[in-house]
Amino acid sequence: MSTIYCINSLLKNIELKQMDMYFKANQFGFTHPIVVACSKELDALLNCYQGIQTRGE
């Protein structure tokens with residue numbers, strides 16, 4: 001699997017997780033445990049992406 005494919009896949013997953021979190025936040029409120037868990041998942045994806053970007057510099 002190419003690096004470009006992996007990065008594009010990661011970016012797509014970040015976008016989907018953001019949309020999921022916004023939907024859940026509108027439904028349950030920003031402090032609901034479901035939204036907080038989703039936010040943590042998004043943070044992990046963003047940290048992964050940042051790690052890739054840092055290694056590429």
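Above this text sits the structure in question.
Residues numbered from 1 in each chain as written. Predicted model: local features only at pLDDT ≥ 70, side-chain atom pairs only at ≥ 80, totals over all residues. Heavy atoms only, no water.

Re the overall build of the chain
- Summing up its helical and strand segments, the chain has two helices and zero strands in all.
- Taken against the 2.2 N^0.38 rule, which gives 10 Å for 57 residues, the C-alpha radius of gyration of the chain at 13 Å runs more than 25% over that of a compact globule.
- Its C-alpha atoms put the chain at 40 × 15 × 15 Å along the principal axes.
- Within the chain, the fraction of its 57 residues that count as buried is 16%.
- Once local pairs closer than 6 in sequence are excluded, the contacts in the chain between residues at least 24 apart make up 53%.
- Looking at the chain as shown, the accessible area adds up to about 4,400 Å², and 59% of this sits on carbon and sulfur atoms.
- Mean positive and mean negative side-chain charge positions of the chain (5 and 5 charges, respectively) differ by 5 Å. (Helix = DSSP H or I, 4+ residues; strand = E, 2+ residues; numbered from the N terminus. Rg over C-alpha atoms; globule rule 2.2 N^0.38 Å. Buried < 20%, exposed > 50% of the residue type's maximum accessible area, 1.4 Å probe, protein only. Contact = heavy atoms within 4.5 Å. Areas by Shrake-Rupley, 256 points an atom, 1.4 Å probe, with all protein chains shown as cover. Lys, Arg positive; Asp, Glu negative; His and termini not counted. Charge placed at Lys NZ, Arg CZ, Asp CG, Glu CD.)

Topic: helix α2 (residues 33-55)
- Spanning 23 residues, α2 covers 33 Å between terminal C-alpha atoms, matching the ideal 33 Å at 1.5 Å per step.
- Looking at α2, one finds that the buried residues are Val35, Cys38 and Leu42.
- Where α2 is buried, its residues touch α1 (3-28). (Expected span 1.5 Å × (residues − 1).)

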